[in-house]
Amino acid sequence: MTLTLEQLNSASRDEAAQMLDGLYEHSPWIAEQALNERPFTSLAHLKHAMCEVLAHAGRDAQLGLIRAHPELAGKAMVSKTLTAESTNEQTKAGLTDCTPEEFAKIQKLNADYNAKFSWPFILAVRGPRGVGYNKQQIIDAFERRLHGHPEFELAECLRNIHRIVEIRLNDKFGVEPTLGHQVWDWQEKLAQHSDPGYAEQGQLTVTYLTDAHRACAQRITQNMRDCGFDEVYTDAVGNVVGRYHPANAGGKYLMTGSHYDTVRNGGKYDGRLGIFVPMACVSELHKQAKRLPFGIEVVAFAEEEGQRYKATFLGSGALIGDFKPEWLDQQDADGITMRAAMQHAGLCVDDIPKIQRDPAQYLGFVEVHIEQGPVLNEVNIPLGVVTSINGSVRYLCEIIGTASHAGTTPMDRRRDAACAVAELALYMEQRAAKDGDSVATIGQLNVPGGSINVVPGRCTFSLDMRAPTDAQRDALVADVMAQLTHICERRSVRHTAELTMSAAAAPSAPEWQARWERAVSALGVPLFKLPSGAGHDAMKLHEVMPQAMLFVRGENAGISHNPLESTTSDDMQLCVDAFTHVLNQLSQELS
């Protein structure tokens, strides 16, 4: 029998507990305690209530739950004593049909994992789309997580248990995240295109105007046409633009979108999620033959990552008139200029100024993006409302000391350039932590011509400092640069520092942030607000129109710029629903 929330909310406590039986492996107490939160406004509300019960249950209770779970392809499967739910899940993943070699491999991994952590390996084997990982994917995850830190692995096991429960809840309530599946499938198909040298290794890399990049543009173009956009075209810098017209001619447009280029060996969702979520919304409007008081313009930005050329935010920058002509003479690693690459792709350089948008024709800009961090994952909340995109500053620096013999130079006579940088790195770590949401990183560190038996005489390094407001960022930068000077003076070394990038913070427009907040709350998802540490296309549009962003939780501790970057079709469904809610709010406001 398919359950409904109405039945669950109105049932007696014992009846309701029976309805939720089988969600957590041999641990009905979690669902029973979550019933204290009735009435539930949505499945998302129920899911989070159970997450909260477990989060506050204490370590012993959490370990008890983990240990109640059977090993994958373990003794319980062989003896056919798995619960019906676990049998279903392991069967869908093909674990009940292992070859002797596969079975032996999994058994060895089980033994090694238990020996290291003292609990069984937990993986939601039906995966982020609910259709099941294959056996090799399961083995790969097993081998990777076997090397994890115990605290990290404990958290990963609990998060996988919550994912298992989410899928079981969907089964009980007959819920299918159809639009989330659609967004998932679009992204999987787009990820089939990758640059040479990476495609052969099964890695995803799509850099500006390569063959793979242009193939992605063609696929997005076709997807937009299939969704029912009224206009679909590629502009002078390679952005793919889809426009769904308003109910009445002359109406303003809501602009949205994100980028489809990637970092090298990156993930499938960075940027691309923000293209396909609004496309799913437009597809639904088209199916219903529904027009809104405003139009929707979805832009798949051609370039954001700055991988092939040093022209970050090229796609969104061009829309606000911030395309620098000198970029055209930049060369990639093969000596191909941007101008030549654009001409080869059939783009007209002379038309670039023509694509600048008139802000008066737009209501604003909204962007959906995978979080690219661990915060939402750690608090078990699928959506987060962005308060500001951090302002950032980057420097390329050098410290010059004196190279000398590592064996004969006493410690108190050294002018060690590397030690000076190391001291600065530790200061940056401590100083940024004082602000709570500031970050500071030395991402590049090199001793040019260094030798194992030479005190470093030179050290080159980068500085990256970010904060949610310009004032907070500037205070951080001032302290770090002052400390750099102080360290160099005390150590009798000298330094240079070249400012290579400075980007202003982009606080969300209050009225647009409020619309995202109302949308998230309406879904029964706890309202969680956070700044964005990463830069986004919304930063560029922020310069000419109001903007606000919505983050979607990532799996695997929220990792991004990495092949492990992932999210679930359930979370993507919630994102589509939140976007639809924002569209409905705007429609009511403008009617």
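Calculation criteria
Residues numbered from 1 in each chain as written. Predicted model: local features only at pLDDT ≥ 70, side-chain atom pairs only at ≥ 80, totals over all residues. Heavy atoms only, no water. Helix = DSSP H or I, 4+ residues; strand = E, 2+ residues; numbered from the N terminus. Rg over C-alpha atoms; globule rule 2.2 N^0.38 Å. Buried < 20%, exposed > 50% of the residue type's maximum accessible area, 1.4 Å probe, protein only. Contact = heavy atoms within 4.5 Å. Lys, Arg positive; Asp, Glu negative; His and termini not counted. Charge placed at Lys NZ, Arg CZ, Asp CG, Glu CD. Core = buried A, V, L, I, M, F, W, Y, C linked by side-chain atoms within 4.5 Å. Expected span 1.5 Å × (residues − 1). Pairing = 2+ DSSP bridges. Patch = residues over 30% accessible without salt bridge, like charges linked within 9 Å, V, L, I, M, F, W, Y side chains within 5 Å. Areas by Shrake-Rupley, 256 points an atom, 1.4 Å probe, with all protein chains shown as cover. Salt bridge = Lys/Arg side-chain N within 4 Å of Asp/Glu carboxyl O. Phe/Tyr/Trp six-rings, centres within 6.5 Å; stacked < 30°, edge-to-face > 60°. Lys NZ or Arg CZ within 6 Å of the ring centre and 35° of its normal. Polar contact = N/O pair within 3.5 Å; in protein donor to acceptor, adjacent residues only side chain to side chain. Disulfide = S-S within 2.5 Å.

### A few points about the overall build of the protein
A count of helices and strands for the protein gives 21 helices and 16 strands. At 26 Å, the protein has a C-alpha radius of gyration in line with the 25 Å of a compact globule built from 591 residues. The principal-axis extents of the C-alpha atoms in the protein amount to approximately 75 × 75 × 45 Å. Scored against the burial criterion, the 591 residues of the protein give a buried share of 54%. Intrachain contacts of the protein at a sequence separation of at least 6 include 77% that bridge at least 24 residues. For the protein, the distance from the average site of its 55 positive side-chain charges to the average site of its 74 negative ones is 2 Å.

### A look at the nonpolar core
If you look at the biggest cluster of nonpolar residues, it comprises 102 residues, and the most contacted ones within it are Y208, M338, M342 and W516. For M338, the residues in contact, after removing those within four places along its chain, are Y208, Y309, A311, L314, F323, W327, L328 and Q330. Judged by nonpolar contacts, the second largest core, of 51 residues, contains Y24, A93, L95 and L154.

### Topic: helix α19 (residues 510-522)
Along its 13 residues, α19 runs 18 Å from first to last C-alpha, staying within 8% of the 18 Å computed at 1.5 Å per residue. Within the span of α19, buried status applies to W512, Q513, R515, W516, E517, A519 and V520. If you follow the buried residues of α19, they end up packed against β3 (253-259), β5 (362-370), β6 (383-389), β15 (529-532), β16 (547-552) and α21 (569-590). Directly beyond the C-terminal end of α19, a positive phi value near 80° is found at G524.

### Side note on the pairing of strand β4 (residues 295-301)
The element β4 is extensively covered by neighbouring structure, given that seven of its seven residues are classed as buried. Both faces of β4 are covered, namely the face carrying G295, E297, V299 and F301 and the face carrying I296, V298 and A300. Summarising the sheet, strand β2 (residues 240-244) and β4 pair through five bridges and their orientation is antiparallel. Counted as the bridge partner of V241 is V299 from β4. Where β3 and β4 come together, seven bridges link them in parallel fashion. By the bridge assignment for β4, M255 is matched with E297.

### Some thoughts on the environment of M481
Take M481: it is sitting in helix α18 (residues 470-491). Separated by 18 residues in sequence, M481 and L463 have C-alpha atoms that sit 9.9 Å apart. Apart from the residues within four sequence positions on either side, M481 is in contact with Y395, L463 and A497.

### Focus: a negative patch on the surface
Taken together, the side chains of D14, E15, D21 and E32 present a region of like negative charge at the surface. Counting through the fold element by element, E15 comes out in helix α2 (residues 13-19). Looking at E15, the relative accessible area reads 46%, which means it is partly exposed.

### Details of the packing of aromatic side chains
Applying the stated rule across the entire model yields 10 aromatic pairs. Consider the rings of W184 and Y269, whose centres lie 5.9 Å apart with planes at 35°: the pair is tilted. One end of the pair, W184, is in helix α11 (residues 178-190); the other, Y269, is in the loop between β3 and α13 (273-287), with 85 residues separating them in the sequence. The exposure class of Y269 is buried, given its relative accessible area of 2%. Counting every residue linked through ring pairs, the aromatic cluster contains Y113, F117, W119, F121 and F142. A cation over a ring is seen here: R243 above Y253, with NZ or CZ 3.9 Å from the ring centre.

### Quick word on the environment of P100
Mapped onto the elements, P100 comes out in helix α8 (residues 100-117). Spatially, the C-alpha atom of P100 lies 44 Å from that of G274, the residues being 174 residues apart in sequence.

### Some remarks on the pairing of strand β7 (residues 391-400)
Among the 10 residues in β7, eight count as buried, and that is most of the element. As paired strands, β7 and strand β12 (residues 458-467) are joined by 10 bridges and run antiparallel to one another. Opposite I399, over in β12, you have C459 as the bridge partner. Across nine bridges, β7 lies against strand β13 (residues 494-503) in antiparallel orientation. Paired with I400 across the strands is R494, a residue of β13.

### Considerations on the side chain of D261
As for its placement among the helices and strands, D261 is situated in the loop between β3 and α13. Despite its burial, D261 pairs with no opposite charge; the closest candidate is R272, at 7.4 Å N-O. Side-chain polar atoms of D261 contact the side chain of H259, separated by 3.0 Å. Within the local environment of D261, its side chain forms a polar contact with the backbone nitrogen of E305, the two atoms lying 3.0 Å apart.

### A closer look at the state of the cysteines
Summed over the entire model, instances satisfying the criterion amount to zero disulfides. C575 takes part in no disulfide bond, and the closest cysteine sulfur, belonging to C281, lies 8.1 Å away. Relative accessible area serves as the criterion here: at 0%, C575 is assigned to the buried category.

### Considering the pattern of salt bridges
For the coordinates displayed, the defined rule picks out 39 salt bridges. One salt bridge in this structure joins R129 and D185, with 2.9 Å as the shortest N-O distance. With R129 in the loop between α8 and α9 (135-145) and D185 in helix α11, this pair connects stretches of sequence that are 56 residues apart. The salt bridge involving K354 is made with D351; its shortest N-O contact spans 3.0 Å. Residue K354 is classed as exposed on the basis of its relative accessible area, which comes to 65%. By sharing partners, the salt bridges in this structure join K47, R163, E166 and D570 into a single network.

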